[in-house]
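# Residue-level structure breakdown
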Amino acid sequence: FGAYMSRAIVARIRRAATMAERLAAGDLGTRVPETGPGEIGELEHAFNAMGESLEASSDELRHLADEQAALRRIATLVARAVPSRELLTAVVKEVDRILGASSTRLARYGEDDVTVIVSSGADDEIPVSATWPIDGDHIAGRVFRTGRAARRDSSAGVTGYLGAELRKMGVRAAIGAPIVVNGRLWGTMVPYWTDHDPPPDIESRLTQFTDLIATAIANGAARAELTASRARVVAS
């Protein structure tokens, strides 16, 4: 009986204690086999549940820190007043990396159409300067009509050139966020996913990037207006 107690209980508790030391040292992937009898099995199951929770929390904190670092880099570019094309290209690439998007496009609304002005990939099927009707049943059209973020979980229903290209690319999901400059809807940023679903809370996370874009565009317009005003004063 003593040998059985040693093998079935004491050894398993010692193993759990050793694994707990590894977990406390930062090895959050540590797990124990859930093979113990009775309360020992429950202890092993509780230990593994705790490890999974700690690992998930650590991953979430790492993603949050990475996202905040990306936002700071973009804010620095805004403060430095870098050329708009350089800034917008940096934003769509950061969105791709942080949100795991297959590609990201930034488009601007015109009178009757929407035009892609920046794309994150040089080999995208939908190139920069591509246009399509603003009133179509696509992400940019939905954002234009509602002024709010919009989502599609497939390319079904999108017609014309855009629909054909999206289906060729195998787009699985797309989410668009509005870019509002000085109270006016200026454009939209749309990341696409072809191999997996978007991460949770994507709309609110995407808004942080579009807010920085709106600030940069407003600042650029203000600088241009100030320059023009100075020129008019000099001319007078």
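Here goes a summary of the coordinates provided. Predicted model, so just to flag it, every value in this text is computed and none were measured. (Residues numbered from 1 in each chain as written. Predicted model: local features only at pLDDT ≥ 70, side-chain atom pairs only at ≥ 80, totals over all residues. Heavy atoms only, no water.)

## Considering the overall build of the protein
Secondary structure summary: the protein contains six helices and six strands in total. Starting at the N terminus, the α and β elements of the protein follow one another as α-α-α-β-β-β-α-β-α-β-β-α. Taking all contacts inside the protein whose residues are at least 6 apart in sequence as the whole, residues at least 24 apart take part in 53%. Carbon and sulfur atoms provide 55% of the accessible area of the protein, an area that totals close to 13100 Å². (Helix = DSSP H or I, 4+ residues; strand = E, 2+ residues; numbered from the N terminus. Contact = heavy atoms within 4.5 Å. Areas by Shrake-Rupley, 256 points an atom, 1.4 Å probe, with all protein chains shown as cover.)

## Examining the packing of aromatic side chains
When we look at a pair of aromatic rings, we describe it by the centre distance and by the angle of the planes. Taken as a whole and judged by the stated rule, the model has one aromatic pair. On the basis of an interplanar angle of 55° and a centroid distance of 5.1 Å, the ring pair of Tyr-109 and Phe-144 is categorised as tilted. On the criterion of sequence distance, the pair formed by Tyr-109 in strand S1 (residues 103–109) and Phe-144 in helix H4 (residues 139–146) is long-range, its members being 35 residues apart. What makes Phe-144 partly exposed here is its relative accessible area of 37%. (Phe/Tyr/Trp six-rings, centres within 6.5 Å; stacked < 30°, edge-to-face > 60°. Buried < 20%, exposed > 50% of the residue type's maximum accessible area, 1.4 Å probe, protein only.)

## Points about unusual backbone geometry
The general pattern is negative phi for most residues beyond glycine and trans for most peptide bonds. Residue Ser-129 is not a glycine yet carries a positive backbone phi of 85°. Topologically, Ser-129 is positioned in the loop between strand S2 (113–119) and strand S3 (131–133). Backbone geometry places Asn-182, a non-glycine residue, at a positive phi of 55°. Inspection of the secondary structure assignment puts Asn-182 in the loop between strand S5 (173–181) and strand S6 (184–193). Exposure remark for Asn-182: the relative accessible area of 67% places this residue in the exposed category.

## Examining the sheet that holds S3
Spatially, S3-S2-S1-S6-S5-S4 is the arrangement adopted by the six strands of the open sheet, whose pairing is antiparallel. Every other strand in the sheet has two partners, leaving S3 and strand S4 (150–152) as the edge strands with one partner each. Taken pair by pair, the neighbouring strands of this sheet meet at an average axis angle of 25°, ignoring direction. As paired elements, S1 and S2 share five bridges and run antiparallel to each other. Each bridged residue has a counterpart across the sheet, and for Arg-108 the counterpart in S2 is Thr-115. With respect to the sheet, helix H3 (residues 84–99) is in contact with S1, S2 and S6, its orientation differing from that of S2 by roughly 80°. (Pairing = 2+ DSSP bridges. Axes fitted to C-alpha atoms, helices over the stretch in contact; angles between N-to-C directions.)

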